[in-house]
2 protein chains.
Amino acid sequence: MEKPATIIDIAKALNISPSTVSRALNNHPSISSQTKEQVNELANKLNYHPNLTARNLLKKKSGIIGVVVPEITSYFFSTVITGIQDVVSSVGYKLIISQTNENFDEEKKLIHEMAQMRVEGLLVSPSFNTQGFEHLEDARKAGIPVVLFDRDIPGFESSKVFVDVYDGAYQAVKYLIEAGCQRIAHIAGPEHIPTFQERMSAYQNALKDYNRELYPELIIKSTGFSAEDGVEACEHLLSQSFDALFCVNDAVAIGAMHVLREKGYKIPEDISVIGYDDEPYSCYFSPGLTTIWQPVYDMGMLSSKILLDTITKEKQTIRKEILKPELVLRQSSVPLN
Amino acid sequence: MEKPATIIDIAKALNISPSTVSRALNNHPSISSQTKEQVNELANKLNYHPNLTARNLLKKKSGIIGVVVPEITSYFFSTVITGIQDVVSSVGYKLIISQTNENFDEEKKLIHEMAQMRVEGLLVSPSFNTQGFEHLEDARKAGIPVVLFDRDIPGFESSKVFVDVYDGAYQAVKYLIEAGCQRIAHIAGPEHIPTFQERMSAYQNALKDYNRELYPELIIKSTGFSAEDGVEACEHLLSQSFDALFCVNDAVAIGAMHVLREKGYKIPEDISVIGYDDEPYSCYFSPGLTTIWQPVYDMGMLSSKILLDTITKEKQTIRKEILKPELVLRQSSVPLN
DNA sequence: CTGTTAGCGCCTTCAG
DNA sequence: CTGAAGGCGCTAACAG
């Protein structure tokens, strides 16, 4: 394990100056092709890798973009990240990815560290417990542009890319209403979480808009948003009668369907179920889960494109993009009459 | 968007030397607490972030570990990465994560770039199309220790962390045999992929070991390993009669179950199904999918611990660890008699 | 307790 | 076409 070769090593060995080596390596026009050949050959032989740290110090750029997400194990975030990566790697950027685990302190720490690393831009989806945006403001003051995606921090002025959560939820409930469902239940997520709140108010407003009665007993606020939480919430719900169930996401819907089937309900004949997210496996349940698809990969691409724009053009224009979700009809919901 | 403040800015403003500022910032003992206070206060006011690039150049370390995986959207790899991250972030390392998309050229390029970035270590799970290991050897020659995980490159000498794939598959088939299944089919993955080969030979050997006849017509080699591939493979298989089905992974098993149910087969009464991977949603199918669980998070933790060991201790000892998978019994397989 | 000096590896003027 | 010099921001001797 030798220490890496440097430009100087090559220069000495060839009895030329470091600058010449540098230029040769970078294929500078004003270097004889002969010298270039010599240099490149030796570089190869010495297994020379240019020291990006040094170059970055000089150029004052790191070639790195920071991504801060609540977690990476979900289909949702891992797909967003893939979208980001496909865009930024095509222009030579690398990604530093960190998870907050929905922990605000962790988020602050991570953003801080990324600022120290001199990432050239920051793509962040704030944790559910994020309070305020001083940490992001700090980064920006340090010259690091920030793009928020998927989750908002109201009041923080930056480019943002979201999905129209309200619209998705509204579409789902509207469908159930139009399909003739009378008592539509809702398993909601934890209420302090904006995106879940939106899904709930879309549910409520849709019912209102269509002059349906709103039965408070048909709304269950789950403590989490995993399949297990769906199981638990649905068991509570069983004391009520209902013919449709709109769940805060697919995982919860899967858990709920599991319970319903076990209790002998037929889906969708007895109860229609709709989820949210269109997880990759949702189509393989029986019945296939009707759900809301979101342009996840696109969200990654778009946010990173916007970020790259502000990095390269140094223009401080702020862009806000709202992507549209789509209702994906499968067999877990009754067909329209 | 000002340019970031430097130590020199602080030094000038306070009329002291840069070194003093540096020391104060790093809480060096031989600096008066008064100076420290002044410095820290001003640093705060200027929103000073130490330039890690400069520090790294000096210290010849980047504080970054490179992770190269085929993809990050699967439960498998995203969980491994989480394990890695939990370990390395606790000692202050950052992660650069890249995906090869099973493309060998991409893998070579990524490893190369990471070497240039001077990552301090490399955790790699090679693509299915990786030929040889010169690229990894290069990295190691550049002083970057490499740990392979999940997938092997035979002949490459390094620390490695794998799961005993053969053992998992053998457990699955053994269970089916002992449960009395007579005609056990297998949907295999693409045959050039070692891990899938192993699953198949475990299947074959288990049958042999228990003196069961091996019906070649009950083995289908799928072209891929997604749920859709499972659907397709299973449809081909339907021309045969069988009472058990061991699938190369959960996704394929999910697809296969989907087909079987549609064709009116009862699972497990007519056909037992076993998958491989224990995806998070596999327990929510009806019936719940019997499968092989692998210590995925642990694999991430262990590989990164080994890597950190070789980084810090500079000891070149090579460790090979084989983790044990476990059979998870659910309702998709008939119970033992 | 603090300042001076030198240098990490590279690139980019400015001179030849 | 090539060389010399300076500096990116920081730290670690070495001197006071």
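Look up a bit, the structure's there.
We now turn to the structure provided with this report.

Cut-offs applied
- Residues numbered from 1 in each chain as written.
- Chains lettered and ligands numbered in written order.
- Predicted model: local features only at pLDDT ≥ 70, side-chain atom pairs only at ≥ 80, totals over all residues.
- Heavy atoms only, no water.
- Pairing = 2+ DSSP bridges.
- Helix = DSSP H or I, 4+ residues; strand = E, 2+ residues; numbered from the N terminus.
- Axes fitted to C-alpha atoms, helices over the stretch in contact; angles between N-to-C directions.
- Contact = heavy atoms within 4.5 Å.
- Phe/Tyr/Trp six-rings, centres within 6.5 Å; stacked < 30°, edge-to-face > 60°.
- Buried < 20%, exposed > 50% of the residue type's maximum accessible area, 1.4 Å probe, protein only.
- Lys NZ or Arg CZ within 6 Å of the ring centre and 35° of its normal.
- Least-squares fit on C-alpha atoms with pLDDT ≥ 70 in both.
- Near = heavy atom within 4 Å.
- Polar contact = N/O pair within 3.5 Å; in protein donor to acceptor, adjacent residues only side chain to side chain.
- Salt bridge = Lys/Arg side-chain N within 4 Å of Asp/Glu carboxyl O.
- Nonpolar A, V, L, I, M, F, W, Y, C, P; charged D, E, K, R; others polar.
- Disulfide = S-S within 2.5 Å.

**Details of the sheet that holds strand S7 (residues 219-221) of chain B**
Residues and elements named next belong to chain B.
Next up, step 1: With parallel pairing, 4 strands are arranged side by side in an open sheet as S7-S6-S8-S9. Across the chains shown, the open sheet's two edge strands, defined by having one partner strand only, are S7 and strand S9 (272-274). Taken over all neighbouring pairs, the strand axes of this sheet differ in orientation by 15 degrees on average, direction set aside.
Next up, step 2: Note: strand S6 (residues 184-188) against strand S8 (residues 244-247), 4 bridges, orientation parallel. Looking at the pairing, Ala 185 lines up with Leu 245 of S8.
Next up, step 3: In the packing of helix H8 (residues 165-178) onto the sheet, the strands contacted are S6, S8 and S9, and the crossing angle to S8 comes to about 175 degrees.
Next up, step 4: Along the sheet, helix H11 (residues 250-262) contacts S6, S8 and S9; its crossing angle with S8, the most-contacted strand, is approximately 150 degrees.

**So, the packing of aromatic side chains**
Next up, step 1: The full count for this structure, using the stated rule, is 16 aromatic pairs over all chains.
Next up, step 2: On the numbers, 5.9 Å between centres and 50 degrees between planes, the contact of A:Phe128 with A:Phe196 is tilted. In this pair, A:Phe128 is assigned in the loop between strand S3 (121-124) and helix H7 (134-141) and A:Phe196 in helix H9 (residues 194-209), connecting sequence segments 68 residues apart.
Next up, step 3: Judged by its relative accessible area of 14%, A:Phe128 falls in the buried class.
Next up, step 4: Residue placement shows A:Arg151 over the ring face of A:Phe128; its charged tip is 3.4 Å from the ring centre.
Next up, step 5: Positioned above the aromatic ring of B:Tyr276, the side-chain terminus of B:Arg199 is 4.0 Å from the ring centre.

**With respect to the relation of the copies chain A and chain B**
Put simply, the two copies of the chain differ by a rotation about an axis and a shift along that axis.
Next up, step 1: Superposition of chain A onto chain B requires a rotation of 180 degrees combined with a translation of 0.0 Å along the rotation axis, giving an RMSD of 0.1 Å. Look at the turn and shift together and you get a two-fold axis relating the two. Looking at the rotation axis and the C-alpha trace of chain A, the residue lying nearest is A:Ile96, at 2.4 Å.
Next up, step 2: Same-surface contact between copies: 100% of interface residues of chain A are shared with the interface of chain B.

**Examining the protein's contact with DNA strand D**
Next up, step 1: Around DNA strand D sit 25 residues in total, of which A:Thr20, A:Lys60, B:Ile7, B:Tyr48 and B:Arg55 are the nearest.
Next up, step 2: Atoms of DNA strand D within 4 Å of the protein belong to the sugar or the phosphate in 64% of instances, the rest to bases.
Next up, step 3: Here a base nitrogen of DNA strand D and a backbone polar atom of B:Ala54 are 3.3 Å apart.
Next up, step 4: Separating a phosphate oxygen of DNA strand D from a side-chain N or O atom of B:Arg55 is a distance of 2.7 Å.

**Regarding the protein's contact with DNA strand C**
Next up, step 1: Surveying the vicinity of DNA strand C reveals 26 residues, the closest of which are A:Ile7, A:Tyr48, B:Ser19, B:Thr20 and B:Lys60.
Next up, step 2: In DNA strand C, atoms within 4 Å of the protein come from the sugar-phosphate backbone in 63% of cases.
Next up, step 3: Interatomic distance of 2.7 Å between a side-chain N/O atom of B:Arg23 and a base nitrogen of DNA strand C.
Next up, step 4: At a separation of 2.9 Å, a phosphate oxygen of DNA strand C approaches a polar side-chain atom of B:Thr35.
Next up, step 5: At 4 residues, the largest contribution of residues to the surface near DNA strand C is made by helix H4 (residues 52-59) of chain A.

**Remarks on the interface of chain A and chain B**
Next up, step 1: Contacts between the two partners involve 53 residues from chain A and, on the opposite side, 53 residues from chain B.
Next up, step 2: At the boundary of chain A with chain B, the tally comes to 2 salt bridges.
Next up, step 3: A:Glu113 is paired through a salt bridge with B:Lys94; the nearest N and O atoms lie 2.7 Å apart.
Next up, step 4: Elements represented by at least two residues in the side of chain A that touches chain B include exactly H4, helix H5 (75-89), strand S2 (94-99), helix H6 (104-116), H7, helix H10 (227-237) and helix H11 (250-262) of chain A.
Next up, step 5: Here the residues of the side of chain A that touches chain B sort into 25 nonpolar, 19 polar and 9 charged.

**Description of the sheet that holds strand S8 (residues 244-247) of chain A**
Whether parallel or antiparallel, the strands of a sheet pair through hydrogen bonds between backbone atoms.
Residue and element names in this part refer to chain A.
Next up, step 1: Spatially, S7-S6-S8-S9 is the arrangement adopted by the 4 strands of the open sheet, whose pairing is parallel. The two strands at the open ends of the sheet, each matched to only one other strand, are strand S7 (219-221) and strand S9 (272-274). With strand direction ignored, the average angle separating the axes of adjacent strands in the sheet is 15 degrees.
Next up, step 2: Examined bridge by bridge, S8 and S9 share 3 bridges and lie parallel to one another. Each residue of the ladder has a partner; that of Ala 244, found in S9, is Ser 272.
Next up, step 3: Where helix H8 (residues 165-178) meets the sheet, it contacts strand S6 (184-188), S8 and S9, and its direction lies at approximately 175 degrees from that of S8.
Next up, step 4: Sheet contacts for H9: S6, S7 and S8; angle to S6, the most-contacted strand, approximately 165 degrees.

**Concerning the state of the cysteines**
Cysteine pairs can be linked by a disulfide, which is a covalent bond between their two sulfur atoms.
All names here are of chain B.
Next up, step 1: With the rule as written, the count across this model stands at 0 disulfides over all chains.
Next up, step 2: Free cysteine: Cys 181, not disulfide-bonded; nearest cysteine sulfur from Cys 247 at 13 Å.
Next up, step 3: Here Cys 234 is not cross-linked by a disulfide; its sulfur's nearest cysteine counterpart is in Cys 247, at 7.3 Å.

**A few points about unusual backbone geometry**
Residue and element names in this part refer to chain A.
Next up, step 1: The peptide bond linking Ile 267 to Pro 268 adopts the cis configuration, its omega dihedral lying at 10 degrees.
Next up, step 2: Along the chain, Pro 268 turns up in the loop between H11 and S9.
Next up, step 3: Look at Asn 15: it is not a glycine, yet its phi comes out positive at around 60 degrees.
Next up, step 4: Turning to its location among the elements, Asn 15 is positioned in the loop between helix H1 (7-14) and helix H2 (18-25).
Next up, step 5: Owing to a relative accessible area of 72%, Asn 15 belongs among the exposed residues under this scheme.
Next up, step 6: In this structure, Lys 60 is a non-glycine residue whose phi angle is positive, near 55 degrees.
Next up, step 7: Of note, Lys 60 is situated in the loop between H4 and strand S1 (64-69).
Next up, step 8: Judged by relative accessible area, which is 72%, Lys 60 ranks as exposed.

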